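A look at the structure
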Amino acid sequence: MPNYQFHITEGEQTQEVLVGVRRTFTAFFTQRVEYKTGNTYLRPGALLTLAIDGVNYSVLFLHTKSSSEPIGLGIRDEQFNRALKFKKVLDDAAGETGKARYLFLGDLNTMGMKYPFQKQIDVEFELKKLDQGAKRRKMRRLAKNAPNTWSNGSGSSFPPSNLDHVVASDNLDFRQFGGADIDVRGWPELNTAAHQDKWIRDFSDHAFLYLEVRK
């Protein structure tokens, strides 16, 4: 892909966060280690700032803690809080408008929490808290045209899950896909389990999240 420049985070993970940017864009890349929350083996955030027509767009790529244990939910909650609080930092830097154009996205691993002898914290409760935090920061979780974005195939004991999300500031406008902000592509588009399983084997257990910012 000669027309793109690539940036990758550094850390102990075997799979870090890789970001590609078309060379025609003016872009600045920064590794944000605070999203590791003090854990050596978690990935840092990948902050990409795009300058378009004199306006900055800040895109924070995250891959948060994967676990349904209490420690997993707690670490994710802290990572989400850091991403939401970063909105104020960007707003303060935006000058007179005080309104940064900001979104964070990625495999956020929203899987709730299981705990013995107690009712588990459902995924929807975790997402509800994320949505409430986003609203306070004048942000919102974007709507997808398919709910589940992860699957380990039809033979897996784990059902398809809603793990990947985009949270964006309210001053951003997005192209619509049948009333949704995000077009989910890949295995969710396929009609049979056999075709879905093949796509997952050939490419990834995560689907693609496609979106376009219009302003």
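The structure reproduced in this document is the subject of the present report. Fair warning: this is a prediction, and the values are worked out from it, not measured in the lab.

**Quick notes on the overall build of the chain**
The helix and strand tally for the chain stands at three helices and ten strands. In terms of overall dimensions, the chain is globule-like: its C-alpha atoms have a radius of gyration of 18 Å, near the 17 Å expected for 215 residues. Principal-axis analysis of the C-alpha atoms places the extent of the chain at approximately 50 × 40 × 40 Å. Among the 215 residues that make up the chain, the fraction classed as buried is 39%. Looking at the chain alone, contacts between residues at least 24 apart form 59% of all its contacts between residues at least 6 apart. For the chain, the accessible surface area stands at approximately 12500 Å², while carbon and sulfur atoms represent 51% of it.

**Let's talk about the pairing of strand 6 (residues 101-107)**
Every regular strand shows the same layout, with side chains that alternate between the two sheet faces. Within strand 6, five of the seven residues are buried, which leaves it mostly tucked inside the rest of the structure. Summarising the sheet, strand 6 and strand 8 (residues 164-169) pair through five bridges and their orientation is antiparallel. Bridging from a neighbouring strand, Asp107 pairs with Asp164 of strand 8.

**Comments concerning the packing of aromatic side chains**
Counted by the stated rule, this structure contains five aromatic pairs. Between the aromatic rings of Tyr102 and Phe104, the centroid separation amounts to 6.1 Å while the plane-to-plane angle is 40°, which identifies the pairing as tilted. A single burial state applies to Tyr102 and to Phe104, both of which are buried. Ring geometry for Trp199 versus Phe203: centroids 5.1 Å apart, planes at 45°, classification tilted. A residue is classified by how much of its surface remains accessible, and Trp199, at 12% relative accessible area, is buried. Here a set of aromatic residues connected by ring pairs shows up, and it is made of Phe86, Tyr102 and Phe104. In this structure, Arg185 is placed above the aromatic ring of Tyr210, and the distance from its NZ or CZ to the ring centre is 4.0 Å.

**Focus: the environment of Thr192**
By secondary structure assignment, the location of Thr192 is in the loop between strand 9 (183-185) and helix 3 (193-202). Exposure remark for Thr192: the relative accessible area of 35% places this residue in the partly exposed category. Sequence separation between Thr192 and Asp122 is 70 residues; the distance between their C-alpha atoms is 28 Å. A polar atom in the side chain of Thr192 sits 2.5 Å from the side chain of His195.

**With respect to the sheet that holds strand 7 (residues 139-141)**
If you walk across this open sheet you meet the six strands as 3-4-5-6-8-7, and the pairing is mixed. Looking at the sheet topology across the chains shown, the edges are occupied by strand 3 (26-32) and strand 7. Sheet twist, expressed as the average angle between the axes of neighbouring strands with direction ignored, equals 15°. Those strands touched by helix 1 (residues 70-93) are strand 3, strand 4 (45-52), strand 5 (55-63), strand 6, strand 7 and strand 8, and its axis lies near 160° from that of strand 6. Contacting strand 6, strand 7 and strand 8, helix 2 (residues 123-136) crosses the sheet at an angle of about 155° to strand 7.

**Here we look at a nonpolar patch on the surface**
Nonpolar side chains collect at one region of the surface, where Met1, Phe6, Ile8 and Leu18 lie side by side and expose about 460 Å² of accessible area between them. Inspection of the secondary structure assignment puts Leu18 in strand 2 (residues 18-22). Leu18 gets classed as exposed once you look at its relative accessible area, which sits at 56%.

**Things to note about the layout of surface pockets**
Reported here for the second largest pocket is a volume of approximately 220 Å³. Lining the second largest pocket we find Thr49, Gly54, Val55, Asn56, Ser58, Leu90, Ala93, Ala94, Thr97, Lys99, Ala100 and Arg101. At the level of elements, strand 5 and helix 1 are the ones that each hand at least two residues to the lining of the second largest pocket. Tallying contributions element by element places strand 5 first for the lining of the second largest pocket, with three residues. Along the lines of polarity and charge, the residues of the lining of the second largest pocket split into five nonpolar, five polar and two charged.

Cut-offs used in this document
- Residue indices follow the written sequence of each chain, beginning from 1 at its first position.
- Side-chain atom pairs in this predicted model are given and counted only at pLDDT of 80 or more, local residue features only at pLDDT of at least 70, and totals for whole chains, interfaces and linings cover all residues.
- The side-chain values count all of the structure's non-hydrogen atoms but skip hydrogen atoms and water molecules.
- Each helix corresponds to a stretch of at least 4 residues labelled H or I by DSSP, and each strand to a stretch of at least 2 residues labelled E; elements are numbered beginning at the N terminus.
- The atom set for the radius of gyration is the C-alpha atoms, and the globule formula is 2.2 Å times the number of residues raised to the power 0.38.
- The buried label applies to any residue whose accessible area, calculated with a 1.4 Å probe on protein chains only, is under 20% of its type's maximum; exposed applies above 50%, and partly exposed to all values in between.
- Every residue pair with non-hydrogen atoms within 4.5 Å of one another is taken to be in contact.
- Using the Shrake-Rupley algorithm and a 1.4 Å probe, accessible areas are obtained, with residue cover drawn only from the displayed protein chains.
- Strands are treated as partners if at least two bridges between them are detected by DSSP.
- By convention, a stacked pair of Phe, Tyr or Trp rings (six-membered ring in the case of Trp) has centres within 6.5 Å and planes under 30 degrees apart, an edge-to-face pair has planes over 60 apart, and any other such pair is tilted.
- Here, a charge over a ring means that NZ of Lys or CZ of Arg falls within 6 Å of the ring centre while also lying within 35 degrees of the ring normal.
- Within 3.5 Å is the distance limit for a polar contact, defined as a pair of N or O atoms, with the added protein rule that one can donate a hydrogen and the other accept it, and that residues adjacent in sequence qualify only through two side-chain atoms.
- Between N-to-C directions, angles cover 0 to 180 degrees, with each direction set by a line fitted to C-alpha atoms, over the stretch in contact for helices.
- Residues enter patches when their relative accessible area tops 30% and they take part in no salt bridge; the joining distance is 9 Å for like charges and 5 Å for the nonpolar side chains Val, Leu, Ile, Met, Phe, Trp and Tyr.
- Salt bridge, as applied in this entry: a Lys or Arg side-chain nitrogen positioned within 4 Å of an Asp or Glu carboxyl oxygen.
- Lining residues are defined by having an atom within 4 Å of a point belonging to a cavity or pocket. Those points lie on a 1 Å grid over the protein atoms alone, cavities being sets where a 1.4 Å probe fits but cannot get out and pockets being open sets with protein on both sides within 12 Å along at least five of seven lines.
- Grid points are joined across faces, edges and corners, and a volume is the space filled by probe spheres set on the points.
- Each residue receives one of three labels: charged for Asp, Glu, Lys and Arg, nonpolar for Ala, Val, Leu, Ile, Met, Phe, Trp, Tyr, Cys and Pro, and polar for the others, Gly being one of them.

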